[in-house]
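# Secondary and tertiary structure notes
Take a look at the letters that make up each chain.
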Amino acid sequence: MESGSIAIIDKFTGLQIVLSSRPQGKPHLENFRLEQVAIPTKPQTGVLLRVLYLSLDPYMRGRMDDRKSYAEPLSLGEVMPGESVAEVVASEHPNYSKGDIVLARTGWRSHAASDGIGLRKFDSNLGPVTTGLGILGMPGFTAYAGLTLIGQPRPGETVVVAAASGPVGSLVGQLAKIAGARVVGIAGGPEKCRYIADELRFDAVVDHRMPDLADRLAAACPFGIDVYFENVGGAVWTAVLPLLNAFARVPVCGLIAEYNVNDGIATPGSTFASLRDVLTKSLTLRGFINYEFTEKLYPEFLRTVSAGIADGRIQYREDIIDGLENAPAAFIGMLEGRKLGKTLVRVAR
Ligand SMILES: NC(=O)c1ccc[n+]([C@@H]2O[C@H](COP(=O)([O-])OP(=O)(O)OC[C@H]3O[C@@H](n4cnc5c(N)ncnc54)[C@H](OP(=O)(O)O)[C@@H]3O)[C@@H](O)[C@H]2O)c1
């Protein structure tokens, strides 16, 4: 990062992190710049927010490229995007009072002004505020919606999920178990694999960083795969594809293995091989963005998952880093798999 060690120096000065250059492949600290800014004055009808926690999510990597996806790319110098838990420190808005805790799309900032549009109050009866960014927030909802509406696991079926210790994958696996399926988790390294096996109680675990992934996955799925929740792509998808049973469902949620590949992967034959299997086995592959389902499913998701947390059937982990200035390093670590659970930044105490 370009700025050295600047910090909040007085109550009128805030911090923000902007995109300073576009990564080629993996992002590096030089791609980010920490800036001091005047704390915004609240608009006449809005609120002023002090960010407590910032969520770091894989999709942010895509926004750093100059390539249009479902969202516009960031411009150089623009504040990194992101959702946070924030405290209302001043309000002229009829729906929000000083002291309210809200979920907001502030970006990587210590403070933000908002006109109130898009803010959501967090019900602290459901859990600690950090859960609003993880298991009870966008990643949790992604897992719930993708599995419930697309995966539709049935008792006795085999469900496979990759990035299985993360906020999306860990809930996918636990919900699939609650639905009566046999769950196989794919994760990187012994610590994550132990967590999935011992604490989340998945039925089998495969470490994708060890050799012979395809053979070990086949051994873990003796009756093939009925639901594959796609978080990863790349080598994991190649290993999964031949094991898919007829009429398997594949919620295509994310392709993190490919986020740092700027030109797209052009493995000879792989697209053709994938498409042929989609056709000949009548597979359902359906990409989705979590907010397609918000209106239909969000209240049910909050009820179900918070009840599961309360009675101990659903667990979650958070990896909380202190200080907005440490967000870039934590973001890079999350992309590289060095974080366990939901990665968050504690911006203020
Ligand atoms: N469609 C949507 O609306 C939506 C919403 C939220 C998230 N997503 C997607 O869902 C996926 C999971 O998100 P998350 O927030 O739960 O992420 P996460 O688990 O916190 O972090 C990403 C994980 O991906 C794994 N990974 C990275 N490179 C990999 C590779 N080459 N092969 C296999 N695994 C690799 C790493 O875990 P291991 O060390 O275990 O490999 C890493 O911890 C991402 O692809 C994300 O983009 C989609």
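Residues numbered from 1 in each chain as written. Predicted model: local features only at pLDDT ≥ 70, side-chain atom pairs only at ≥ 80, totals over all residues. Heavy atoms only, no water.

### Focus on the site of the ligand
In the region of the ligand, 26 residues are neighbours, and His208, Arg209, Asn231, Tyr259 and Asn290 sit closest. Against a free-state accessible area of 910 Å², the protein chains account for coverage of 90% of the ligand. Of the residues belonging to the shell around the ligand, the class tally is 16 nonpolar, eight polar and two charged. (Near = heavy atom within 4 Å. Areas by Shrake-Rupley, 256 points an atom, 1.4 Å probe, with all protein chains shown as cover. Nonpolar A, V, L, I, M, F, W, Y, C, P; charged D, E, K, R; others polar.)

### Observations concerning the side chain of Ser110
For Ser110, the location among the structural elements is in the loop between strand E5 (101-104) and strand E6 (111-114). What makes Ser110 buried here is its relative accessible area of 3%. Here the side chain of Ser110 touches Leu15 through a polar contact of 2.8 Å, landing on its backbone nitrogen. (Helix = DSSP H or I, 4+ residues; strand = E, 2+ residues; numbered from the N terminus. Buried < 20%, exposed > 50% of the residue type's maximum accessible area, 1.4 Å probe, protein only. Polar contact = N/O pair within 3.5 Å; in protein donor to acceptor, adjacent residues only side chain to side chain.)

### Brief notes about the confidence of the model for the protein
As a general rule, the predicted coordinates of low-pLDDT regions are not to be interpreted in detail. Per-residue pLDDT for the protein averages 91, and the proportion of residues at 70 or more is 92%. Low pLDDT (under 50) marks residues 2-7, which in the prediction has eleven contacts with non-local residues, meaning those over four places away or in another chain. Predicted confidence is poor over residues 262-266, with pLDDT under 50, and the contacts of this stretch with residues over four places away or in other chains come to seven contacts. (pLDDT = per-residue confidence, 0-100. Contact = heavy atoms within 4.5 Å.)

### Structural notes on the sheet that holds strand E9 (residues 182-187)
Taken together, the six strands give an open sheet; going across it, the order is E10-E9-E8-E11-E12-E13, and neighbouring strands pair in parallel fashion. Each edge of the open sheet is held by one strand with a lone partner, namely strand E10 (204-207) and strand E13 (284-287). In this sheet, neighbouring strand axes are inclined to one another by 15° on average, regardless of whether the strands run parallel or antiparallel. As paired elements, strand E12 (residues 244-252) and E13 share four bridges and run parallel to each other. (Pairing = 2+ DSSP bridges. Axes fitted to C-alpha atoms, helices over the stretch in contact; angles between N-to-C directions.)

### Observations regarding the packing of helix H2 (residues 138-151) against helix H8 (residues 294-310)
At a closest axis distance of 10 Å, the pairing of H2 and H8 adopts a crossing angle of 105°. In terms of their interaxial angle, H2 and H8 are classed as roughly perpendicular. Between H2 and H8, the contacting residues are Met138, Gly140, Phe141, Tyr144, Ala145 and Leu149 on the first element and Thr294, Lys296, Leu297, Tyr298, Glu300, Phe301, Thr304 and Val305 on the second. (Parallel < 35°, antiparallel > 145°, perpendicular 65-115°, else oblique.)

### Thoughts on empty space enclosed by the protein
If you walk through the whole model with that rule in mind, you get one cavity of 30 Å³ or more. Contributing to the lining of the largest cavity are Gly134, Ile135, Ser165, Pro167, Ser170, Tyr195, Tyr316, Arg317, Glu318, Gly341 and Lys342. Classifying every residue of the lining of the largest cavity gives four nonpolar, four polar and three charged. (1 Å grid on protein atoms, 1.4 Å probe; cavity = no way out; pocket = protein on both sides within 12 Å on 5 of 7 lines; lining within 4 Å. Points joined across faces, edges and corners; volume = space filled by probe spheres on them.)

### Describing the nonpolar core
If you look at the biggest cluster of nonpolar residues, it comprises 34 residues, and the most contacted ones within it are Leu171 and Val305. If you list the elements that add at least two residues to this core, you get H2, strand E8 (158-162), helix H3 (167-178), E9, helix H4 (190-199), strand E11 (225-229) and H8. Element by element, the count of residues in this core is highest for H2, at six residues. With residues near it in sequence (within four places) discarded, Leu171 still touches Ile135, Gly140, Ala143, Phe301, Val305 and Ile314. (Core = buried A, V, L, I, M, F, W, Y, C linked by side-chain atoms within 4.5 Å.)

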